[in-house]
Amino acid sequence: MSVTAAKGFKAAGVAARISRLGLDLAVVAGDGACVGAGMFTTNRVQAAPVVVSKEHLELAEPRAVVINSGNANAATGAQGLADARATAESAAHLLGLPAEEVLVLSTGVIGVPLPVERVLAGLEQAVAKLSPVGGADAAKAILTTDTCTKEAAVHAEGFSVGGMAKGSGMIHPNLATMLAVVTTDYPLEPGEPADFLRPAVEESFNSISVDGECSTNDAVVLVSSAKGSRDDDAAFADALHAVCAELARQIVADGEGATLVAEISVRGAASDDEAKAVARRVATSPLVKTALFGKDANWGRVLAAAGSAPHNGGYAHLDAALVTLSYNGTKVLDRGAPSGVEPDVDGAGCAIDLDLGLGSGHAQYLTTDLSYDYVRINAEYRS
């Protein structure tokens, strides 16, 4: 019941025949007035649902979210925009809401017209099935190449936060081919959801990479029903961060063709921004990722990637004579000098720690290896 873990939310997932994968249309709706916010892809090519949802958030507070898999409704021109708006209008009519209180999210193949008639017919089924226990079906309905659902929830004193996400490939900030809907009953005022969501996303969904590809459809939505109690904003921020971080970790763990999850930790950078630039560069390096797939540290690739991390039109500061590098706690480079020790990287996880020895900046990134199966999945994928 993750996305319906908070009081005041119902969800459903149905098979609308948008894809060949079974359940492919989800609805999450609040029982009453809600407030919320969204963050979206920074890709200049933005899907129709992203455009429409951003417009709606400018006009009203969100109370319902419609998500379809199997079709991205991206690069579909004016008809794609009309179809996204028709989806929101139909859901609004069925729920008794203004259209601008409905957000629409899509995921799937780019450049194919949305089968809007199937979406609208599926909406009638989904709204009729809305239930406080419908979160599991909703989480299934938003998947594409995912091999499992991604759900998380935190129950705290007086409030809950729950969420669902999808994502397996085309994962890279900002954000990734990922969709996430997070709900809470923690009372928030209009405008506040964005203030809480932004830092949580920056440290979770914007700190992961599977393949370095930034999608056209990325979205993270936070909606509050305000049916809980407001006693501790810091506790809510921690709970929201925990849910986002867990969903992000599940996305990376389910990366297309992935055989391991690597956690890149950078400290001692000149600033936090530079630490993140270095972590991102290492996490997205094909040479690092293929070495990990081969269960070979080949740590010179990490050092080379770190030294070429783009930042503010140049490169992040790095002095090779100060760098210390460890794999799974085994130091392979100590202030620029190789230790002569070969680390064991033959497991399902790998911790790569870089200390740049320059300052107090720090950052973390999650990534995967890059395998043969990643190529096969993306060569074959048609929803």
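Attention here is on the structure that accompanies the text.

1. Some points on the overall build of the chain
Here is step 1 of the chain: Scanning the chain for helices and strands turns up 10 helices and 18 strands.
Here is step 2 of the chain: Scaling as 2.2 N^0.38, a compact globule of 383 residues should have a C-alpha radius of gyration of about 21 Å, and the chain matches this with 21 Å.
Here is step 3 of the chain: Its C-alpha atoms give the chain principal-axis dimensions of about 65 × 50 × 35 Å.
Here is step 4 of the chain: Relative to its 383 residues, the chain shows a buried fraction of 54%.
Here is step 5 of the chain: Counting every atom, the chain has about 15,000 Å² of accessible surface; 51% of that belongs to carbon and sulfur.
Here is step 6 of the chain: Put simply, the chain has 28 plus and 46 minus side-chain charges, and the middle of one group is 5 Å from the middle of the other.

2. So, the pattern of salt bridges
Here is step 1 of the chain: Counted according to the given criterion, the structure contains 11 salt bridges.
Here is step 2 of the chain: With a shortest N-O distance of 3.0 Å, E55 and R85 are connected by a salt bridge. Of this pair, E55 sits in helix α1 (residues 48-59) while R85 sits in helix α2 (residues 77-95), placing them 30 residues apart in sequence.
Here is step 3 of the chain: We classify E55 as partly exposed; its relative accessible area is 32%.
Here is step 4 of the chain: It is possible to trace a salt-bridge network through shared partners that takes in D146, K150 and D254.

3. Some points on the pairing of strand β2 (residues 25-30)
Here is step 1 of the chain: With six of six residues buried, β2 lies mostly within the body of the structure.
Here is step 2 of the chain: Of the two faces of β2, the one lined by L25, V27 and A29 and the one lined by A26, V28 and G30 are each fully buried.
Here is step 3 of the chain: Note: strand β1 (residues 9-14) against β2, six bridges, orientation antiparallel. Following the sheet pairing, A11 is matched in β2 by V28.
Here is step 4 of the chain: In this structure, β2 lies alongside strand β4 (residues 64-68), joined through five bridges in antiparallel fashion. Bridge pairing in β4 places A26 opposite I67.

4. Remarks on the sheet that holds strand β11 (residues 261-269)
Here is step 1 of the chain: Taken together, seven strands build an open sheet; the order of strands is β9-β18-β11-β17-β14-β15-β16 and the sheet is mixed. The open sheet has two free edges, formed respectively by β9 (208-209) and β16 (337-338), since each of these has just one partner strand.
Here is step 2 of the chain: The pairing of β11 with strand β17 (residues 349-355) spans seven bridges and is parallel. Among the inter-strand pairings, E263 is bridged to a residue of β17, identified as A351.

5. A short note on the side chain of S225
Here is step 1 of the chain: Note that S225 resides in the loop between β10 (219-224) and α6 (233-253).
Here is step 2 of the chain: The class of S225 is buried, set by a relative accessible area of 6%.
Here is step 3 of the chain: Reaching out from S225, the side chain makes a polar contact with the backbone oxygen of K7 at a distance of 2.6 Å.
Here is step 4 of the chain: Contact partners of S225, with chain neighbours within four places excluded, come to K7, G8, F9, A33, C34, T184 and D185.

6. A closer look at the environment of I18
Here is step 1 of the chain: Here I18 shows up in the loop between β1 and β2.
Here is step 2 of the chain: When the C-alpha positions of I18 and S69 are compared, they lie 7.2 Å apart, and in sequence the two are 51 residues distant.
Here is step 3 of the chain: Leaving out residues up to four positions away in the same chain, I18 has contacts with D24, L25, N68, S69, G70, N71, P115 and V119.

7. As for empty space enclosed by the protein
Here is step 1 of the chain: According to the stated counting rule, one finds one cavity of 30 Å³ or more in the structure shown.
Here is step 2 of the chain: Counted as a void, the largest cavity has a volume near 60 Å³.
Here is step 3 of the chain: As for the largest cavity, its lining consists of P49, V66, N68, N73, A84, T87, V104, L105, S106 and L114.
Here is step 4 of the chain: Residue assignment for the lining of the largest cavity shows that the elements contributing at least two residues are β4, α2 and β5 (102-106).
Here is step 5 of the chain: Per element, the largest residue contribution to the lining of the largest cavity is three residues, and it comes from β5.
Here is step 6 of the chain: Considering only residue class, the lining of the largest cavity consists of six nonpolar, four polar and no charged.

Each value, and the rule that gives it
Residues numbered from 1 in each chain as written. Predicted model: local features only at pLDDT ≥ 70, side-chain atom pairs only at ≥ 80, totals over all residues. Heavy atoms only, no water. Helix = DSSP H or I, 4+ residues; strand = E, 2+ residues; numbered from the N terminus. Rg over C-alpha atoms; globule rule 2.2 N^0.38 Å. Buried < 20%, exposed > 50% of the residue type's maximum accessible area, 1.4 Å probe, protein only. Areas by Shrake-Rupley, 256 points an atom, 1.4 Å probe, with all protein chains shown as cover. Lys, Arg positive; Asp, Glu negative; His and termini not counted. Charge placed at Lys NZ, Arg CZ, Asp CG, Glu CD. Salt bridge = Lys/Arg side-chain N within 4 Å of Asp/Glu carboxyl O. Pairing = 2+ DSSP bridges. Polar contact = N/O pair within 3.5 Å; in protein donor to acceptor, adjacent residues only side chain to side chain. Contact = heavy atoms within 4.5 Å. 1 Å grid on protein atoms, 1.4 Å probe; cavity = no way out; pocket = protein on both sides within 12 Å on 5 of 7 lines; lining within 4 Å. Points joined across faces, edges and corners; volume = space filled by probe spheres on them. Nonpolar A, V, L, I, M, F, W, Y, C, P; charged D, E, K, R; others polar.

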